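Working through the structure, step by step
One letter stands for each residue in the lines below.
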Amino acid sequence: MAATLTEERFAGAQWSFERKIDGIRLLAFKQGQHVKLFSRTRREQQLPHIAHAVASLLPHDLILDGEVEWDGSAFHVFDVLWMDGQASTAEPLEQRRARLSQLDLQPPLLRVPVLHDDKPWERAAAEGWEGVIAKRVGSPYEHRRSRLWLKMKCEASQELVVGGFTEPQGKRVGLGALLVGYFQGGDFVFAGKVGTGLDTRMLLELRARLDAAAIPGSPFTVATGLPRDRVRWVRPDVVVQVAFLEWTGHGKMRHPRLLGIRNDKPARAVVRES
């Protein structure tokens with residue numbers, strides 16, 4: 001079930017709110033001690049510590065829905081779709097949450113708490129969250145994008161593809177900034193530079209990965225404002241998640257920051273989202 005983006009800000013007894021977690025959507029399928037983890041795009045994810053934690057839960061068979069942090073350190077669970085031979089998708093939201101509360105979740109498994117703030121979106125902005133999810137009280141779990149779940153985002157976020165990077169300067173290691181874009185028809189469109197949100201480990205890991213994908217010329221076919229100095233070009237294969245305030249009139253991201261690397265989506269499927 002996917003939430004529908006809304007610009008509205010509302011509250012009321014018919015809605016329940018949760019924090020929107022920054023990460024990759026994850027479904028955990030458990031049968032006895034056998035666990036498989038899949039992204040929303042049905043790509044299997046290799047997170048042994050999370051699989052082990054799910055395997056230790058008491059129900060013999062179980063399907064959990066949640067969000068895994070970008071570094072894979074924690075799985076934030078917010079729904080139960082199946083437990084011990086019984087589907088729960090037709091049950092109301094409150095009953096599914098009651099099922100979830102029966103599970104002894106221990107780190108790296110974390111339960112997403114219900115928010116009781118009068119204006120949870122203001123708390124989200126104040127605490128630097130991506131946003132909040134409003135869920136309709138009494139609603140079932142639908143296998144589609146639904147208006148029974150609405151997402152109120154504090155900032156824009158979308159997948160982008162790395163087409164190059166700049167060399168580091170000063171005390172910076174690894175790389176300076178990522179040059180990212182998206183596909184539009186047959187074109188690869190430059191969307192801007194991302195130089196924040198990368199720690200030292202990620203800078204070095206990304207540099208090694210991108211060096212292995214080096215190509216002699218720019219892969220961007222639509223590229224207004226593309227830097228020319230101290231630039232290295234790469235095959236557009238690596239997908240990253242980027243948060244930013246808005247799109248500028250020139251089609252670039254304003255104040256972008258890297259959230260993480262995505263291994264759950266093919267690069268050619270990345271387009272500019274509306």
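This report concerns the structure included in the present document. Within any chain, residue numbers begin from 1 and follow the written order of that chain's sequence. Confidence filtering applies because this is a predicted model: local features only for residues at pLDDT of at least 70, side-chain atom pairs given and counted only at 80 or more, and all residues used for totals across whole chains, interfaces and linings. By convention in this description, side-chain values take in all heavy atoms of the structure and omit both hydrogens and water.

A short note on the side chain of Glu91
Helix and strand definitions follow DSSP, with helices as H or I runs of at least four residues and strands as E runs of at least two, each counted in order from the N terminus. Among the structural elements, Glu91 can be located in the loop between β7 (86–87) and α2 (93–101). Side-chain atoms alone can form a polar contact between residues adjacent in sequence; in general such a contact is a pair of N or O atoms within 3.5 Å, and within protein one must be able to donate a hydrogen while the other accepts it. In terms of polar contacts, Glu91 uses its side chain to reach the side chain of Arg99, at 2.8 Å. Sequence-distant contacts of Glu91, defined by excluding residues within four places in its chain, comprise Gln86, Arg96, Arg99, Ser139 and Pro140. Contacts: residue pairs with any heavy atoms within 4.5 Å of one another.

Let's talk about the pairing of strand β10 (residues 131–136)
Throughout, exposure labels follow a simple rule: accessible area from a 1.4 Å probe, protein chains only, divided by the maximum for the residue type, with under 20% read as buried, over 50% as exposed, and the rest as partly exposed. Burial runs high along β10: five of the six residues are buried. As judged from the six bridges shared by strand β2 (residues 15–20) and β10, these two strands associate in the antiparallel manner. Looking at β10, one finds that Phe17 is bridged to Ala134. The rule for pairing is simple: two strands pair if DSSP sees at least two bridges between them. Where β10 meets strand β11 (residues 145–153), five bridges bridge the pair, whose relative direction is antiparallel. Note that in β11 the partner of Val132 across the bridge is Met152.

Observations regarding the environment of Glu67
Here Glu67 is to be found in strand β5 (residues 61–68). The class for Glu67 is buried, based on a relative accessible area of 12%. Between the C-alpha atoms of Glu67 and Gly23, which are 44 residues apart in sequence, the distance is 5.8 Å. When near neighbours in sequence (up to four residues on either side) are disregarded, Glu67 contacts Ile21, Asp22, Gly23, Ile24, Arg25, Leu26, Ala74, Phe75, His76 and Phe78. A distance of 3.5 Å separates the side chain of Glu67 from the backbone nitrogen of Ile24, its partner in a polar contact.

Here's the deal with the pattern of salt bridges
Salt bridge, as used here: a side-chain nitrogen of Lys or Arg that lies within 4 Å of a carboxyl oxygen of Asp or Glu. Inspection of every chain in the model, using the stated rule, returns 20 salt bridges. Between Asp117 and Arg123 there is a salt bridge, with the nearest N and O atoms lying 3.1 Å from each other. With relative accessibility at 29%, the residue Asp117 sits in the partly exposed group. Notably, a salt bridge pairs Arg201 with Glu205, separated by 3.2 Å at the nearest N-O pair. In this pair, Arg201 and Glu205 are both assigned in helix α4 (residues 200–211), four residues apart and thus about one turn of the helix distant. Among the charged side chains, a salt-bridge network with shared partners connects Glu159, Arg262, Asp264 and Lys265.

Details of the nonpolar core
The set of buried Ala, Val, Leu, Ile, Met, Phe, Trp, Tyr and Cys residues whose side-chain atoms join them within 4.5 Å is what this entry labels a nonpolar core. Grouped together as the largest cluster of nonpolar side chains are 36 residues, with contacts concentrated most on Leu178, Met253 and Leu258. Every element with two or more residues in this core is listed here: β12 (156–166), β13 (178–184), β14 (187–194), α4, β16 (231–234) and β17 (239–244). Other than its neighbours up to four places away in sequence, Met253 contacts Leu160, Val180, Ala191, Gly192, Val194, Val242, Phe244, Glu246, Trp247 and Thr248. In this structure, Val54, Leu57, Leu62 and Phe75 belong to the second largest nonpolar core, which totals 26 residues.

As for the sheet that holds strand β1 (residues 2–5)
The strand order β1-β11-β10-β2-β9 describes an open sheet built from five strands, whose pairing is mixed. A strand with exactly one partner marks an edge of an open sheet, and here the two such strands are β1 and β9 (114–115).

Quick notes on the packing of aromatic side chains
Working definition: rings of Phe, Tyr and Trp (its six-membered ring) pair if their centres are within 6.5 Å, and the pair is stacked with planes under 30 degrees apart, edge-to-face with planes over 60 apart, and tilted otherwise. Applying the stated criterion to the full structure yields twelve aromatic pairs. With a centroid separation of 5.3 Å and 70° between ring planes, the pair formed by Phe190 and Phe220 is classed as edge-to-face. Here Phe190, found in strand β14, pairs with Phe220, found in the loop between β15 (214–215) and β16; they are 30 residues apart in sequence, far enough to count as distant. Per residue, the accessibility class of Phe190 equals that of Phe220, and both read buried. Of the aromatic side chains, those joined through ring pairs into one cluster are Phe183, Phe188, Phe190, Phe220 and Trp233. In this scheme, the term charge over a ring applies when either NZ of a lysine or CZ of an arginine sits within 6 Å of the ring centre and within 35 degrees of the ring normal. The positively charged end of Lys135 is found above the aromatic ring belonging to Trp149, 4.0 Å away from the centroid. Over the aromatic face of Trp247 sits the side chain of Arg272, whose NZ or CZ is 4.1 Å from the ring centroid.

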